[in-house]
Every structure is written in C-alpha cells, then in structure tokens.
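Analysis of the macromolecular model
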Amino acid sequence: MNESLTIDWQGELLQLLADRAVFWPKEKTIYIADTHFGKAATFRKVGIPVSEHTTMEDCQRLAKLIDDTRAQKLVILGDFLHARAGRSQPVRNLLFNWRDQYQKLSIDLVRGNHDLQSGDPWPELGITCLPDPTPSKKNTWELRHLPPEEEVDRPFLAGHLHPGYRLHGKGRDSLRCPCWVVNEKRIILPAFGSFTGLKNIKHEKDEKIFLTNGKEIQELG
Amino acid sequence: MVVQASKQKAKTLKKPAIDVVLEWFKTKQWDPFPFQKKTWSAHAKGESGLIHAPTGTGKTYAAWAGPLIEWMDELGKKPMPKRPPELRVLWITPLRALVKDTTHSLRTLVEDLQLPWTVEERTGDTTGSIKAKQRKRFPSCLVTTPESLSLLLSYPETKEAFSNLRTVVVDEWHELLSTKRGVQTELGLARLRLWNSKLKTWGLSATLGNLDIAQATLLGTNKPGKLIDGDFKKKFEVDVLIPKDMEKFPWAGHLGGKMVEEVAQQIEGAGTTLVFTNVRSQTEFWFHALQQIRPKWKDEIGIHHGSIDRKERKQVEVRLREGTIRAVVCTSSLDLGVDFSPVDQVIQIGGPKGVARLLQRAGRCGHQPGAVSRVICVPTHAMEMVEYAAAREAINERRIEARDPLSSPLDLLAQHLITLALGGGFFSKDAIKEVRSAWSFRDITEEEWGWVLDFIIRGGDTLRAYDQFKRVVVDSDGLHSVESRIISRFHRMSIGTITSDPAIEVKFSTGRRLGTVEESFISRIKPGSNFYFGGKLLTLKRVRDLTAVVSLAKRGKGVIPVWGGGKSPLSSELASGVRQKLEAAGMHIFKEKEMRALRPSLELQSIGSRLPKMNELLIERTDTREGTCWFVYPFAGCLAHEGLASLISYRMTRLEPMTLSLSFNDYGFHLCSTSTQEFNESDWRNLLSPEGVVDELLECMNLSEMDKRQFREVARVAGLIFQGYPGARKSNRQVQASGGLFFDVFSKYDPHNLLLTQSRREVLDRQLEVNRMVSTLERISGQIIVRESPSRLSPFGFPLWAESLRSQVSSESWSERVKRMSQQLEKSA
C-alpha cells in the first residue's frame with residue numbers, strides 16, 4: 001500500500017492516502033474529489049487524441065484503496081463526470097465493471113459544477129446524489145464541492161480547487177505536486193482523477209500543506 | 001440609382017512600365033539602387049530570390065515595384081481598368097504590428113502611380129465581416145501573417161481565389177527562418193507553388209551568415225533563385241561609453257546602474273532615442289532609473305517590451321512614429337516594426353550577444369542615403385568592453401551569424417496536414433511530395449510520415465480501440481479530409497504556432513489591461529506590496545483566476561519582475577572575436593579604446609592567471625571558503641556552458657563521489673566542491689572528452705522537467721492544447737488541459753509518441769545547444785589545456801563566483817528533494 005499519514009482533525013483521526021484520498025477509519029469511509037471521468041472522451045470528441053488509460057488506472061486505484069482499507073462507503077466531493085460529451089460507451093463500461101466488483105459499497109456524490117452540466121451518473125451505478133453542501137453522517141462536518149469563499153461556521157471537506165504546490169530549488173530546479181490544504185476548519189482534497197490539472201496555491205500561515213507524488217506524502221516546511 | 005456617364009477618356013499607359021516607376025523615384029528625389037533595379041529585372045524574367053540588405057535601404061520597393069511593373073506590362077496599351085485586379089500579390093510579414101505599416105507603405109506607391117490596385121490587410125485582428133468580404137473577392141495585394149495564410153489554406157475556396165496570384169513576398173525572412181512560423185510559411189508556400197508552378201517568391205532579409213540556406217529554405221528544394229545583395233557598404237559605427245572610473249567599474253552584474261547619468265546626457269543631446277536592453281527586467285530597471293534621475297521626463301519617455309499589453313505598446317509605437325517621444329526603453333520587441341519610423345540615436349545597454357542583433361539595432365537610425373548608422377554601447381560590467389570591440393570588427397568584416405532552419409518539426413506537420421485535409425483534402429502520396437518540397441521537411445522519413453498520418457487519423461498507438469475518434473477520415477479512394485464540424489472549428493481556432501506560457505494578466509480594477517507577468521513572480525509578492533511593471537509602480541491587490549488586480553502605488557519602492565527565457569547566449573561569431581581580442585591583449589596589443597580602458601583588468605588577469613590564446617583552453621583553480629573552485633573558459637555561450645557544467649560535474653562525481661555546485665556565464669563555467677581531489681592534464685582530457693555527450697546529459701540533467709516545459713509548445717502546435725481566444729465560448733473550457741498533463745499521460749501510456757521525441761530534441765537543440773557543446777569539446781580536444789592556480793579570484797572568475805544562479809548535481813529521492821527545497825524556502829523567507 002502506498003503511504004498514508006494520520007492527522008487529528010475536528011477530534012477525529014483521518015488518514016491522508018497518497019493516492020489522493022482521505023480515509024476515516026472509524027466510519028470506514030473514503031473521501032475523494034474531482035474524478036472527472038469522461039474527460040478523455042470529451043477531448044476525443046473535438047479531435048484531441050487521449051486514450052482511456054487514465055480512467056482504467058483511476059478505477060484500479062480506487063479498487064485497491066477499497067481493498068486495502070476495507071471501506072464500506074465512498075464519498076465523492078463533486079465533479080464525478082467531466083462533461084456531457086464524456087458520457088461515452090468506453091467510460092460507461094469501465095465504471096460499470098468497477099462497480100460490479102463492489103456491489104455492497106455505498107457511494108455518495110456531492111454534485112459539483114461539472115456534474116450539474118453533465119448530469120447525474122448512470123442510475124445503474126447506484127450513486128446517491130446530494131446537494132452541495134450536505135452534512136456528513138452524524139453531522140460531524142459538511143461535505144462540499146466548492147469551498148466557500150467567506151468564513152463559515154461548520155468545518156468541511158471540499159474539492160474543486162485541484163490544489164497543487166510548486167517548490168523552487170536553486171537554479172532551474174523546481175517540482176510541482178498535488179496536495180491537501182488543511183486548517184482547523186477545512187480540508188481541501190487534491191483531485192483524484194489522473195487526467196486532471198493542478199492549480200498552484202499559496203501557503204497561508206494558518207494552513208498545513210501535505211504534498212504527494214502518488215506514493216509518498218511529505219508535509220511542507 | 002444615378003448612373004454618371006464618364007466623359008473622360010479611359011486612361012492608358014503612355015510609356016513603358018519601368019519608366020513609370022523610375023519617374024516616381026525621381027519625384028521623390030531618389031535614385032533607385034542597383035539592387036532594386038536588379039530585383040525588378042529578375043522579377044520580370046519570372047525569377048524568384050532573396051534580397052538581403054540592412055534595414056531602411058528600400059527593400060520594400062525593390063520587391064513591390066516588380067509585381068506592379070509586371071501588371072502594367074501585361075496591360076500594355078489597353079485602357080486602365082476601373083476594377084482592381086484580383087489577388088496578384090501576397091505579402092507575408094512576421095509581426096501583426098508590421099502589417100498596418102506595410103499596408104500603408106505599399107498603398108502609397110499604388111496611389112502615387114494611380115493604379116487601380118487595392119491593398120488590404122488580413123490578420124487575427126481583422127473583423128469577421130471584412131474577412132468574409134475578402135473571401136468573396138480578394139484585394140489585389142493581401143498583407144498577412146503566416147498564421148493567416150495557413151488559415152486561408154484550410155478553406156477549399158482559396159485555391160480558386162488564388163488562381164491569379166503571381167508573387168509572394170516574405171518580409172523579414174531572417175526573423176521567421178529558424179522558427180516554427182517560418183516552417184509554417186514554407187509549407188504554405190509549397191502549397192501555393194503546387195497550385196501555380198510559375199509563382200514567384202521573393203524574400204526580404206537582413207544579412208545573415210548563411211544566405212544560401214536562407215534562400216533555399218524560402219524557395220523550397222530544387223528551386224533556383226537569385227540572391228540579391230543590397231548591402232551597398234552601408235557604414236555602421238559602434239561607439240562605446242567608457243566608464244569614467246574604470247578602476248571601480250564592476251567585473252560582474254547585468255543592470256549597469258552606474259551609467260545612468262551618462263545615458264541621460266546622451267538622450268538629452270539627440271532627437272529621438274531608442275534604448276535597447278537585452279531582457280525585459282532590464283528594461284523596467286532602466287526606465288525607472290532614467291525617470292529617477294530626470295523627473296521631468298515623466299511623460300517624455302516610454303517603455304516597450306513583449307509582456308506589456310499590446311494596446312499600451314501601440315501607444316508608444318504611435319508616439320515614436322509621430323516623433324512626440326524623447327526616448328523609448330525597449331527589448332527586441334522593437335527590433336522589428338520601427339522600420340517606418342527611423343530614430344536619431346540608438347543606445348545598446350549591455351553586451352550585444354550577436355553581430356546580427358547589434359547590426360539590426362544600429363540600423364534603426366541613420367536611414368538617409370549615405371548616413372551612418374551609429375549605436376552607442378553602454379557596458380553593464382567590464383568584460384562587455386571586449387564584446388564591443390569584437391562586434392565592431394565583425395560588423396566591418398560582415399562576419400554575421402547563420403540562422404539554421406528547423407528540421408522536420410512533426411507537431412507543425414500534424415497541424416498542416418489537418419489544414420490540408422480541411423482545405424479540400426489530400427492524398428498521402430501527393431502530400432508527402434508536396435511537404436518534402438519544403439526545405440525543412442526535405443529529409444522526412446516514410447516512418448515519420450506514417451506516424452503523423454496515424455496520429456491525425458487514429459490518434460496514435462493507444463487510440464486504436466476507439467472508433468469514435470475521427471479527426472481526419474480517409475475515404476475508399478484514399479482522400480484524407482475532415483468531416484466533423486466541431487473538429488474543423490477547433491482546428492481553425494487553434495492554427496498558429498506561437499506559444500504563450502500560462503501567464504498572469506496584470507489589470508487595474510477598472511479592467512484596463514497592462515500586460516502579463518509569470519506566475520512564479522507574482523506568487524512571491526504579497527497583496528499590498530509593490531512592484532514595477534510597464535514603467536509604473538503598482539500595488540498588488542489580489543490574484544484570482546490568472547489575473548493580478550493592481551492599483552497605482554502612491555510612493556515607496558518595489559521589486560522588478562523577472563521573466564523566464566529570452567536569455568540569448570553569446571554567438572559563436574562574437575565569441576571567437578572575443579577570443580581573438582583576448583589573445584591580442586595577452587601579447588600587449590590594445591588597439592581599440594575599449595581594450596585600452598580594460599587594460600588594467602586584463603593585465604590583472606594576465607598576472608594572476610593568464611589571457612588564453614586562440615589555441616588554448618584556460619582552466620583556473622582557486623581555493624575559497626566554499627571549497628575548491630574550478631573555472632573553465634571555453635567561450636561557448638551561456639546555454640552550452642550550462643550543459644557543459646552539468647556534464648563535467650557529472651563526470652567528476654563518477655571519478656570520485658562528491659557534491660558540486662555550479663554556475664555559468666557566456667565565457668565559461670565554474671564548479672565548486674568541498675572535495676580536495678586533484679585533476680591532472682589527462683583527467684581533464686577525459687572530463688572534456690566529446691564522446692557520449694548526449695547519453696550522459698540524459699543521465700545527469702533533470703531533462704524530463706525541461707522536456708515537460710518544452711512540450712507545451714509542441715502540444716499546442718499539434719493541436720492538443722486548445723488555448724481559445726478572448727470571448728471564446730465557455731464550453732471550450734472542458735477541453736483544456738496543460739501541456740504538462742499531456743506530457744505525463746503520453747510518457748506513461750504512449751512513450752513512443754514522436755511528439756515526445758521532438759520535444760526532447762528541441763530541448764537539446766534550443767535550450768542546451770548540444771551541437772555547440774559537442775563542437776566546443778571537439779575544438780578543445782585540439783587545444784592546449786593551460787592550468788593556472790591564481791591565489792585570488794581572477795577578473796574572469798569573479799563574475800562566475802558571484803553568480804547566484806547555482807544548481808546542484810546529486811541524485812535524491814522525491815521526498816529528499818521536497819525536504820531540501822522546503823528548507824531552502826524557509827531560508828529565503
């Protein structure tokens with residue numbers, strides 16, 4: 001299993017998983033954000049050649065995470081499907097095959113901005129679609145896609161930003177990787193999808209940044 | 001509708017066409033130059049060719065009058081038609097900014113001669129309605145850019161509309177020559193020649209070291225042409241402002257702040273001045289420094305560089321043309337485009353880096369026939385004095401750099417083939433012949449061709465399983481075409497090869513755009529702090545969605561942005577001139593005033609170490625607090641030195657494990673280690689061996705990061721990245737991904753993708769100048785290695801030692817790298 005790092009957040013122990021996910025052992029729940037399934041297919045529609053290899057890889061990673069953690073619940077914090085044009089046969093087949101392996105898994109999706117445009121996932125996938133924000137089970141925190149710009153009272157987990165951080169060394173040396181942005185009130189998850197970009201973020205004083213290369217995790221600073 | 005009968009008799013030409021043109025010259029009190037007459041007669045014979053001459057010598061009229069004479073000759077005694085002739089001349093210019101000026105100047109001759117010709121422009125800025133009107137009936141002469149020509153070729157109707165085309169003129173060919181836009185021009189010309197084998201092509205170029213190749217590239221393979229020399233011994237003068245206190249003038253540095261007062265005085269003494277700098281940040285520095293020293297110049301001087309918004313730049317250009325501005329501080333953004341507005345004085349800040357560049361800049365003044373083009377050089381550090389002396393000699397002897405055309409850029413081929421597929425379709429067998437007639441693709445292999453076809457039809461190896469991917473479809477006859485309307489639309493929108501890196505737009509809160517800065521710069525500035533941009537002191541308010549909102553700062557100081565790239569190395573021609581000057585100085589010959597001024601420093605170098613002769617390679621070793629420092633001086637330019645420094649340090653670490661830090665400049669490189677290892681003559685011979693350079697570079701440099709950055713351009717040209725344009729529909733956002741992402745995905749799932757290979761080659765050729773590295777090492781293997789051990793840093797070594805840009809050679813894991821870099825982050829914070 002790839003590396004994980006346990007943090008104490010809102011009185012609960014959460015594991016950051018190097019595969020760009022968060023695991024809550026007590027509730028056997030995996031949180032991921034921004035899978036953007038169907039993005040490659042959307043590109044192909046306009047003549048840009050991208051294969052579904054990234055979708056295959058993402059399904060495999062997700063399967064392995066569920067096996068390793070024995071999770072019973074998966075929560076997707078928005079942008080499950082990339083675009084309406086991406087609702088294509090190859091994507092559907094891959095997702096259906098994956099779902100067949102985990103029939104007992106309960107899946108929630110907090111609708112993100114992309115989901116609103118591309119529509120809810122195929123009903124056969126058995127995904128419960130929820131509005132943004134939705135309180136988590138037992139009301140511990142809120143599940144969001146868009147992190148609110150203003151201060152909010154309730155702590156939350158969110159996606160949308162695809163946070164990435166660029167480190168500069170001497171000379172031309174530089175390195176960029178996905179990260180979690182964590183403070184007392186919120187956790188922003190990195191995008192789970194392999195065919196997604198990064199948005200560079202700044203390191204604010206009250207925040208912790210955890211970088212990952214998909215295998216290991218390093219806290220910044 | 002009132003029809004007015006014309007009572008005037010229809011006009012006819014009363015004399016031979018050539019005389020009409022000669023008479024026009026007479027009214028202007030000009031005497032046509034021999035090269036202009038030569039061009040006209042060659043054009044009349046149906047020949048093609050390349051005209052090379054310094055700027056401001058009348059190249060435009062040399063090329064423009066030919067087609068007009070041809071038309072008048074065809075007209076003969078027939079009455080002058082009222083209706084303008086259909087498209088006869090295509091005028092291609094590299095810069096959109098030049099299009100307007102060119103159109104204006106071409107029109108002048110037509111109007112003066114009272115010919116019914118129309119001259120119109122067509123660029124990305126031309127409105128849709130005008131473009132549509134033009135497609136119905138083109139003007140007699142169309143002034144356009146390579147991209148717009150390519151776009152025209154994507155419409156099947158163009159072939160018919162271009163059936164009357166006689167001549168294509170390519171302006172500033174030297175600027176296009178070794179770029180992808182140049183290749184785009186070549187491919188466009190190949191198509192036009194296929195339509196009309198008698199098409200004449202004329203190129204206008206500055207003088208280059210390889211004019212024969214420049215001409216072959218323009219005219220295509222196996223096409224004879226006439227090389228016309230318009231370089232009628234125009235006089236150039238390279239003057240240097242010698243620092244008063246040469247003893248105290250710095251050995252290192254690049255801003256040159258010590259000379260601001262002298263420069264201000266020079267500006268005061270002349271009409272309009274162009275102050276050229278080498279990089280954008282230097283432009284910002286000098287503009288600010290001049291304003292500080294002469295506050296009353298607040299509105300009298302302007303600033304111009306590539307990151308400033310086009311509207312703002314345009315204002316400066318207009319004022320320059322009107323002569324209502326005292327001086328403009330600029331980068332090579334004004335190398336072109338002021339052809340039509342000569343200035344009184346040209347100042348060059350810092351080293352010239354290349355002979356052609358200095359010549360081009362000097363040519364911005366002294367446009368009157370017989371006048372001298374003079375450039376005043378201002379050193380930013382002492383050693384640049386040698387460069388000036390060498391540059392002057394090279395200019396007098398017209399030893400000018402060559403510019404090499406590119407070799408088979410497949411990204412551009414992919415783009416062009418889709419353009420052809422859109423523009424009526426193509427058959428593979430004919431298309432490969434057509435493409436091979438372009439010089440840059442003359443050597444393309446069947447295998448490469450096959451790969452590109454497969455890439456645009458099936459999307460390459462990994463996409464065979466997806467039958468819905470049909471960018472280009474092939475019918476049963478073998479005709480390649482594009483069926484999908486959405487693919488056509490995307491392709492047309494993304495034609496073009498200029499890449500702009502993702503940049504942060506700088507805006508006032510009112511929405512007025514100022515230009516762009518790099519994300520890495522703005523991310524280091526806190527909201528509320530100040531920085532200089534476009535000559536203004538600005539306060540950063542916030543950064544959101546690739547926009548930095550700023551306001552004018554009331555007072556205070558600010559930092560100057562640094563833009564990546566754009567650092568051009570000292571050219572081989574100039575470097576060899578520098579080595580000659582140093583050899584002479586070693587023999588106590590100080591001919592030029594710059595060399596005499598530098599004499600004390602050079603003698604210090606000579607006493608403490610050595611002034612290398614042409615057949616010597618100097619290596620110095622000095623012990624400093626940091627450890628043992630080796631200084632090697634191949635004089636091969638900063639890019640090749642960066643690669644050499646990495647290569648040699650990699651080879652050193654294989655002899656003995658050690659950690660080395662390194663730095664480099666145009667003259668040499670520096671390696672520093674805490675190790676006390678000694679290297680004797682034969683060790684150095686091995687370290688500097690030209691064997692296995694590329695393989696070892698791949699092992700030792702973090703090339704994948706460089707490849708990834710380079711891949712952005714490749715991906716964009718090949719149509720993978722859709723950048724969109726202002727006002728593009730939002731839905732396009734769903735198909736936006738960065739070049740880096742494509743690079744990662746392809747590297748993982750499609751490692752044999754030839755676009756990856758190409759991006760690697762571009763890194764090696766352009767960013768590291770591998771060919772120059774190898775030829776330098778080959779030169780060194782025939783040189784005597786002289787090793788000196790100065791007790792203190794020599795004048796040559798000091799700037800290298802002071803160079804803050806250092807990188808380390810070591811092999812760390814990902815987490816070690818993260819730890820190290822985040823520690824460095826803390827230190828600098």
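Not measured: the values here are computed from a predicted model.

Here the focus is the overall build of chain B. Looking only at helices and strands, chain B has 31 helices and 27 strands in total. For chain B, the C-alpha atoms occupy an extent of roughly 95 × 70 × 60 Å along the three principal directions. Burial status across chain B gives 57% buried among its 829 residues. Summarising the internal contacts of chain B: among those between residues at least 6 apart in sequence, 75% fall at separations of at least 24. Chain B carries 118 positive and 98 negative side-chain charges, and their two centres are separated by 7 Å.

Residue and element names in this part refer to chain B. Under the defined criterion, the tally for this structure stands at 60 salt bridges over all chains. In this structure, the salt-bridge partner of aspartate 744 is lysine 708, at a minimum N-O distance of 3.2 Å. Here lysine 708 lies in helix α26 (residues 703-717) and aspartate 744 lies in helix α27 (residues 739-749), a separation of 36 residues in the sequence. With a relative accessible area of 25%, lysine 708 lands in the partly exposed category. Across the salt bridge formed by arginine 772 and glutamate 769, the nearest N and O atoms sit 3.3 Å from each other.

All names here are of chain B. Spatially, the seven strands line up as an open sheet ordered β3-β4-β2-β5-β6-β1-β7, and their pairing is parallel. Where the open sheet ends on each side, the last strands, each with one partner, are β3 (119-122) and β7 (226-229). Between one strand axis and the next, the sheet turns by 20° as a mean value, whatever way the strands run. Two strands pair when backbone bridges link them, and β3 and strand β4 (residues 141-144) are joined in this way by four bridges, in the parallel orientation.

Here we take up the pairing of strand β4 (residues 29-32) of chain A. All names here are of chain A. On β4, burial covers both faces: Thr29 and Tyr31 on one face and Ile30 and Ile32 on the other are all buried. Sheet topology note: the strand β3 (residues 21-24)/β4 ladder contains three bridges and is antiparallel. In the sheet register, valine 22 faces β4, and the bridge partner there is tyrosine 31. Hairpin connection from β3 to β4: four residues lie between these consecutive antiparallel strands, with lysine 28 at a positive phi of about 50°. Alignment of β4 against strand β5 (residues 73-76), held across four bridges, turns out to be parallel. Note that in β5 the partner of isoleucine 30 across the bridge is leucine 74.

Here the focus is the side chain of glutamine 415 of chain B. Relative to the elements of secondary structure, glutamine 415 of chain B occurs in helix α16 (residues 410-422). Within the local environment of glutamine 415 of chain B, its side chain forms a polar contact with the backbone oxygen of valine 717 of chain B, the two atoms lying 3.5 Å apart.

Contact residues are listed per partner, giving 51 residues for chain B and 47 residues for chain A. Both sides of the chain B and chain A interface together cover about 4300 Å² of buried area, and 61% of this is carbon and sulfur. Our count for the contact surface shared by chain B and chain A stands at one salt bridge. Glutamate 57 of chain A is the salt-bridge partner of lysine 748 of chain B, the closest N and O atoms lying 2.5 Å from each other. Where chain B meets chain A, there are four residue pairs in polar contact (both at pLDDT 80 or more). For the side of chain B that touches chain A, the secondary structure elements donating two or more residues are α19 (485-494), α20 (519-522), α26, α27, β27 (807-809) and α31 (814-828) of chain B. No other element matches α31 of chain B, which puts eleven residues into the side of chain B that touches chain A. Tallied by class, residues from the side of chain B that touches chain A come to 24 nonpolar, 14 polar and 13 charged.

All names here are of chain B. Direction vectors running N to C along helix α14 (residues 355-362) and helix α15 (residues 384-396) enclose 80°, while the axes themselves pass 10 Å from each other. In terms of orientation, α14 lies roughly perpendicular with respect to α15. Residues Val355, Leu358 and Leu359 of α14 lie in contact with α15, whose contacting residues are Ala391, Ala394 and Ile395. By residue class, the composition of the contact of α14 with α15 is six nonpolar, no polar and no charged.

Before going further, it helps to spend a moment on α16 of chain B. Between its first and last C-alpha atoms α16 of chain B spans 18 Å; for 13 residues at 1.5 Å apiece the expected length is 18 Å, and the two agree. Backbone geometry just downstream of α16 of chain B places glycine 424 of chain B in the positive-phi region, at approximately 105°.

What follows covers the environment of glutamine 292 of chain B. Among the structural elements, glutamine 292 of chain B can be located in helix α12 (residues 280-293). For the pair glutamine 292 of chain B and glutamate 691 of chain B, spaced 399 residues apart in sequence, the C-alpha to C-alpha distance is 53 Å.

Next up on the list: the packing of aromatic side chains. Here the distance between the centres and the angle between the planes together describe a pair of aromatic rings. What the rule picks out here adds up to 32 aromatic pairs over all chains. Seen in terms of ring centroids, phenylalanine 195 of chain A and phenylalanine 742 of chain B are 5.8 Å apart; in terms of plane orientation they differ by 70°. Their pairing is edge-to-face. You can see phenylalanine 195 of chain A sitting in the loop between β13 (186-188) and β14 (199-200) and its partner phenylalanine 742 of chain B sitting in helix α27, one on each of two chains. Of the two residues examined, phenylalanine 195 of chain A and phenylalanine 742 of chain B, each falls in the buried class. Following the ring pairs from residue to residue traces out a cluster consisting of Phe43 and Phe195 of chain A together with Phe711, Phe742, Phe743 and Phe746 of chain B. When the ring centre of tryptophan 297 of chain B is taken as reference, the NZ or CZ atom of arginine 294 of chain B above it lies at 5.8 Å.

Taken together, Glu151, Asp153, Glu184, Glu204 and Asp206 of chain A make up a surface patch of like negative charges. By the secondary structure assignment, glutamate 204 of chain A is in the loop between β14 and β15 (208-212).

This paragraph deals with the nonpolar core. Residue and element names in this part refer to chain B. Core analysis: the biggest nonpolar cluster contains 92 residues, and Val263, Trp286, Leu290, Phe531, Leu602 and Phe796 have the highest contact counts within it. Ranked by residues supplied to this core, first place goes to α15 with eight residues. Excluding residues that lie within four positions of it along the chain, phenylalanine 531 makes contacts with Val506, Phe521, Ile522, Ile525, Lys536, Leu537, Leu538, Leu540, Val550, Gly558, Val559 and Pro561.

Per the stated rule, a full pass over the model turns up zero disulfides over all chains. Its sulfur unpaired, cysteine 177 of chain A is 7.6 Å from the next cysteine sulfur, which belongs to cysteine 179 of chain A.

Let us look at α15 of chain B. Residue and element names in this part refer to chain B. Over its 13 residues, α15 extends 19 Å from the first C-alpha to the last, a length consistent with the 18 Å expected when each residue adds 1.5 Å. Within α15, burial applies to Glu384, Met385, Val386, Glu387, Tyr388, Ala389, Ala390, Ala391, Arg392, Ala394 and Ile395. If you follow the buried residues of α15, they end up packed against β8 (236-240), β12 (345-349), α14, β13 (373-378), α21 (572-586) and α22 (593-608). Of the residues trailing α15, arginine 398 is marked for its positive phi of about 50°.

A word on the sheet that holds β13 of chain B. Residue and element names in this part refer to chain B. The strand order across the open sheet formed by six strands is β8-β13-β12-β9-β11-β10, and the pairing between neighbours is parallel. With partners counted over all chains shown, the strands left at the sheet margins are β8 and β10 (301-304), one partner each. In this sheet, adjacent strand axes meet at a mean angle of 20° when their direction is disregarded. The sheet contact formed by strand β9 (residues 273-276) and strand β11 (residues 327-330) spans four bridges and is parallel. Across the sheet, the residue bridging to phenylalanine 276 is cysteine 330, located in β11. Packing of helix α11 (residues 260-268) onto the sheet brings it into contact with β9, β11, β12 and β13, and relative to β12 it is tilted by some 165°. Relative to the sheet, α15 contacts β8, β12 and β13, its axis offset from that of β8 by approximately 170°.

Rules used in this analysis
- Residues numbered from 1 in each chain as written.
- Chains lettered and ligands numbered in written order.
- Predicted model: local features only at pLDDT ≥ 70, side-chain atom pairs only at ≥ 80, totals over all residues.
- Heavy atoms only, no water.
- Helix = DSSP H or I, 4+ residues; strand = E, 2+ residues; numbered from the N terminus.
- Buried < 20%, exposed > 50% of the residue type's maximum accessible area, 1.4 Å probe, protein only.
- Contact = heavy atoms within 4.5 Å.
- Lys, Arg positive; Asp, Glu negative; His and termini not counted.
- Charge placed at Lys NZ, Arg CZ, Asp CG, Glu CD.
- Salt bridge = Lys/Arg side-chain N within 4 Å of Asp/Glu carboxyl O.
- Pairing = 2+ DSSP bridges.
- Axes fitted to C-alpha atoms, helices over the stretch in contact; angles between N-to-C directions.
- Polar contact = N/O pair within 3.5 Å; in protein donor to acceptor, adjacent residues only side chain to side chain.
- Buried area = accessible area lost by both parts, 1.4 Å probe.
- Nonpolar A, V, L, I, M, F, W, Y, C, P; charged D, E, K, R; others polar.
- Parallel < 35°, antiparallel > 145°, perpendicular 65-115°, else oblique.
- Expected span 1.5 Å × (residues − 1).
- Phe/Tyr/Trp six-rings, centres within 6.5 Å; stacked < 30°, edge-to-face > 60°.
- Lys NZ or Arg CZ within 6 Å of the ring centre and 35° of its normal.
- Patch = residues over 30% accessible without salt bridge, like charges linked within 9 Å, V, L, I, M, F, W, Y side chains within 5 Å.
- Areas by Shrake-Rupley, 256 points an atom, 1.4 Å probe, with all protein chains shown as cover.
- Core = buried A, V, L, I, M, F, W, Y, C linked by side-chain atoms within 4.5 Å.
- Disulfide = S-S within 2.5 Å.

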